[in-house]
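Chain by chain, the residues run as shown.
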Amino acid sequence: MKRWQGSCIGALLVLLIGGGPLIFLVPFGGAMIAAVPPVFDRLTAYVLCPDATDYSYNDFGFGTPTTSSPSGGTGHYTELTCTYADGSQRVFGNDEVGIKGLAASFSAAGICGGVAVFFLMILAALIGARLVKPKETQS
């Protein structure tokens, strides 16, 4: 076996073994990012207004019933206000903040997981190439 074959086998094994956990890591990692409000708010603000100098969140209607039923749920509304260098402001509504914030959370989890698997794949390729001893040719 040649060194490049050992390298390919090592990388393929890590890709097969490490690719499966990404199916678990992306949804749960994205949910964990979304569950930490300071991280989620900062990530959402960066995605919606990356060139803003400041941002603030306004929450409205905490505890407001969403239905006329007394046993119905309650909800709230969130607005993101971004302030730019020239003093102008832009307001993003609840739908845009929620959907794009969750998309950014899941994307960040996927990117982090992909980078980790890629790093381990390169490491396994190097180890696989080092472990293979090429056959000596007789002269």
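Along each chain, the written sequence defines residue order, and numbers are assigned to residues from 1. With pLDDT at 70 or above as the cut-off, local features in this predicted model cover only qualifying residues; side-chain atom pairs require 80 or more to be listed or tallied, and sums for whole chains, interfaces and linings still use all residues. Here the side-chain values reflect all heavy atoms present in the structure, with hydrogen atoms and water set aside.

Engineer: Looking at this model, I keep getting lost on the overall build of the chain. Mind explaining?
Structural biologist: Each helix is a run of DSSP H or I of at least 4 residues and each strand a run of E of at least 2, with the numbering of both proceeding from the N terminus. Scanning the chain for helices and strands turns up three helices and three strands. With C-alpha atoms as the basis for the radius of gyration, the globule rule is written as 2.2 Å multiplied by the number of residues raised to the power 0.38. Taking 14 Å as the expected radius of gyration for a compact globule of 139 residues, we find that the chain reaches 24 Å, considerably beyond that expectation. Across its three principal directions, the C-alpha atoms of the chain cover 90 × 45 × 15 Å. Within the span of the chain, comprising 139 residues, buried residues form 22% of the whole. In the chain, once contacts between residues fewer than 6 apart in sequence are set aside, the share between residues at least 24 apart is 58%. Shrake-Rupley sampling with a 1.4 Å probe provides the accessible areas, and residues are treated as covered by the protein chains on show and by no other component. In the form shown here, the chain has an accessible surface area of approximately 9700 Å², with 67% of it arising from carbon and sulfur atoms. His is not counted, nor are the chain ends; Lys and Arg add positive charge and Asp and Glu add negative charge. Charge placement uses NZ in Lys and CZ in Arg. For Asp and Glu, CG and CD serve respectively. The distance from the centre of the 8 positive side-chain charges to the centre of the 9 negative ones in the chain is 31 Å. Classification of residues uses two cut-offs on accessible area relative to the type maximum, computed with a 1.4 Å probe and protein chains only: under 20% is buried, over 50% is exposed, and between them is partly exposed. Working rule for contacts: check all heavy atoms of both residues, and any pair within 4.5 Å makes them a contact.

Engineer: What's the story with the state of the cysteines in this structure? I'm lost.
Structural biologist: One way to say it: the disulfide is the covalent bond shared by the sulfur atoms of two cysteines. The term disulfide is used for any two cysteine sulfur atoms that are within 2.5 Å. Under the criterion given, the structure shown has one disulfide. Note on cysteine connectivity: Cys49 is disulfide-linked to Cys82, with sulfurs 1.9 Å apart. In this structure, the disulfide formed by Cys49 and Cys82 twists by about -50 degrees around the S-S bond and is classed as left-handed. You can see Cys49 sitting in the loop between helix 2 (37-48) and strand 1 (54-65) and its partner Cys82 sitting in strand 2 (residues 74-83), a full 33 residues away along the chain.

Engineer: Just to check I follow, could you spell out the pattern of salt bridges for this structure?
Structural biologist: Between side chains of opposite charge, a pair can form as their charged atoms come close. Only one rule defines a salt bridge in this text: a Lys or Arg side-chain nitrogen within 4 Å of an Asp or Glu carboxyl oxygen. Enumeration over the complete set of coordinates arrives at one salt bridge. Here Lys100 makes a salt bridge to Glu96, at a shortest N to O gap of 3.0 Å. Pair noted here: Lys100 and Glu96 are both in helix 3 (residues 94-131), with a separation of four residues, about one helical turn. When its relative accessible area of 37% is taken as the criterion, Lys100 is described as partly exposed.

Engineer: Explain helix 1 (residues 3-34) to me, please; I cannot follow it from the model alone.
Structural biologist: Owing to its 3.6 residues per turn, the α-helix aligns residues three or four sequence positions apart on the same side. Helix length check: helix 1, at 32 residues, gives a terminal C-alpha distance of 44 Å against a target of 46 Å (1.5 Å per residue), a fit within 8%. What helix 1 keeps buried is the set Gly6, Ser7, Gly10, Ala11, Gly18, Gly29 and Gly30. Among the structural elements, helix 3 are those in contact with the buried residues of helix 1. Take the residue count of a helix, subtract one, and multiply by 1.5 Å to get its expected span.

Engineer: Could you clarify how one ought to interpret the nonpolar core in this entry?
Structural biologist: Here is a general trend for soluble globular proteins: nonpolar side chains tend to be buried in one another's company. Formed by Ala45, Leu48, Cys49, Leu80, Cys82, Tyr84, Phe92 and Val97, the largest nonpolar core amounts to eight residues. Counting only elements with at least two residues in this core, the list comes to helix 2 and strand 2. Ignoring sequence-local partners within four residues, the contact set of Tyr84 consists of Cys49, Asp51, Ala52, Thr53 and Arg90. Throughout this description, the term nonpolar core refers to a set of buried Ala, Val, Leu, Ile, Met, Phe, Trp, Tyr and Cys residues connected via side-chain atoms within 4.5 Å.

Function cannot be read off these values alone, since they describe shape.
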